[in-house]
Amino acid sequence: MPEVESLARFLTTKCVGHAIARVDLAAFSALKTYDPPLSALGGLEIESITRRGKFLDLSAGGLHLVFHLARAGWLRWRESIPDTPTRPGKGPLALRVRLDDSSGFDLTEAGTQRKLAVYVVTDPEQIPHVATLGPDPLTPEFDRDLLAALLRNAGRSQLKGVLKDQRTIAGIGNAYSDEILHRAKLSPFKPSNGLTDVELTTLFEAIKNELSDAILRAEGLAAADLKGEKKSGLRVHGRKGEQCDVCGDTIAEVSFADSALQYCPTCQTGGKLLADRRLSRLLK
Ligand SMILES: [Zn+2]
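Remember, it's a predicted structure, so these values are computed and weren't measured experimentally.

Conventions we followed
Residues numbered from 1 in each chain as written. Predicted model: local features only at pLDDT ≥ 70, side-chain atom pairs only at ≥ 80, totals over all residues. Heavy atoms only, no water. Donors = N, O, S within 2.8 Å, 3.2 Å for Na, K, Ca; no water. Tetrahedral: all angles 85-135°; square planar, octahedral: opposite > 155°, others 65-115°. Buried < 20%, exposed > 50% of the residue type's maximum accessible area, 1.4 Å probe, protein only. Pairing = 2+ DSSP bridges. Helix = DSSP H or I, 4+ residues; strand = E, 2+ residues; numbered from the N terminus. Axes fitted to C-alpha atoms, helices over the stretch in contact; angles between N-to-C directions. Contact = heavy atoms within 4.5 Å. 1 Å grid on protein atoms, 1.4 Å probe; cavity = no way out; pocket = protein on both sides within 12 Å on 5 of 7 lines; lining within 4 Å. Points joined across faces, edges and corners; volume = space filled by probe spheres on them. Nonpolar A, V, L, I, M, F, W, Y, C, P; charged D, E, K, R; others polar. pLDDT = per-residue confidence, 0-100.

## Things to note about the coordination of the zinc ion
Distances from the zinc ion to its protein donors, Cys244 (SG), Cys247 (SG), Cys264 (SG) and Cys267 (SG), fall within 2.2 to 2.3 Å. Considering all 4 donor atoms around the zinc ion, angles at the metal cover 97 to 113° and the coordination shape is tetrahedral. Of note, the donors binding the zinc ion are all from one chain and are spaced C-x2-C-x16-C-x2-C. Considered together, Cys264 and Cys267 belong to a single accessibility category, that of buried residues.

What follows is the structure, given as structure tokens:
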């Protein structure tokens, strides 16, 4: 989410006040709505670009172009963007937005999974995944008491899953939930309602600090540089087998069917290795 926040700020400086010249869809599966059509955005002046959880909301003339980049999606800003129609179905291009000064951006998605999603709506709340978003941890309303209530409601569900559940807290994904738990020195499998007062405070501060630090690191970077910045700023996520830079232990991993989490045993689980469920199932 810090990258999405940075993208929103970057796009605000580039787009607000400009009119949309044309929008071309290259990956038909990306567009999740059909009324109003994409072409209705043509000629409308962009008023704002805001983040809602991990969604970006571009508001123009009473319409909203909302998109979710998903894991393999990205936004590529271009000072000069072709005015020719896009050719559907080829390459990573999903959507192209051209502005009145011929700048614009491409939404692209790497790989074969098609998860990038684009919506055109009159109200973002019409999108179910937006309407059900939990509170945003970067807002002032997100305080320690609110976090305590959210965790109490989550019962014995494991912290890792609760932190990245968009309906509980909006905007924290797989990478930053690993980072937050490492910073707070908490096990990803700890039951949400089992935190002491001190642990709750530590977790609250870790959420706020991890996200705001990542946004600070990304400040002023162009869209093209944000992904590299994200990787270099992560201390445990995606770093299985590397040394923890806090304690020197080897970073461990638990893998699931379609994702994995990384953690430091010494910092987070009292030195214990967490059971890798997929592996132990295979060994039975
Ligand atoms: Zn460590």
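Next comes the rest of the account.
## Here we look at the sheet that holds strand E4 (residues 63-68)
If you trace the 4 strands from one edge of the open sheet to the other, you get E2-E3-E4-E8, paired in antiparallel fashion. The open sheet terminates on both sides in strands that have one partner only, identified here as strand E2 (46-52) and strand E8 (117-121). Looking at each pair of strands side by side, their axes are set apart by 15° on average, direction ignored. As judged from the 6 bridges shared by E2 and strand E3 (residues 55-60), these two strands associate in the antiparallel manner. Bridge pairing in E3 places Thr50 opposite Asp57. Most of the contacts of helix H1 (residues 2-15) go to E2, to which it runs at about 175°, and overall it touches E2 and E3.

## Focus on the layout of surface pockets
By volume, the largest pocket amounts to about 1400 Å³. Every element with two or more residues in the lining of the largest pocket is listed here: H1, strand E5 (73-78), E8, helix H5 (174-184), helix H7 (226-233) and strand E10 (260-263). Residues of the lining of the largest pocket, tallied by class, amount to 14 nonpolar, 12 polar and 12 charged.

## Examining the confidence of the model for the chain
Put simply, the chain has an average pLDDT of 90, and 92% of its residues get 70 or more. Within the chain, helix H9 (residues 277-283) has the poorest average pLDDT of any element, 54, and helix H8 (residues 265-268) the best, 97.

## Some points on the sheet that holds strand E6 (residues 93-99)
The antiparallel open sheet is built from 4 strands, whose spatial order is E1-E6-E7-E5. Sheet topology places strand E1 (20-25) and E5 at the edges, where each strand pairs with a single neighbour. Looking at each pair of strands side by side, their axes are set apart by 15° on average, direction ignored. One ladder, built from 5 bridges, connects E1 with E6; its direction is antiparallel. When the bridges of E6 are listed, Leu25 appears paired with Leu95. Contacts from H1 reach E5, E6 and strand E7 (104-109) within the one sheet, and its direction differs from that of E5 by about 25°.

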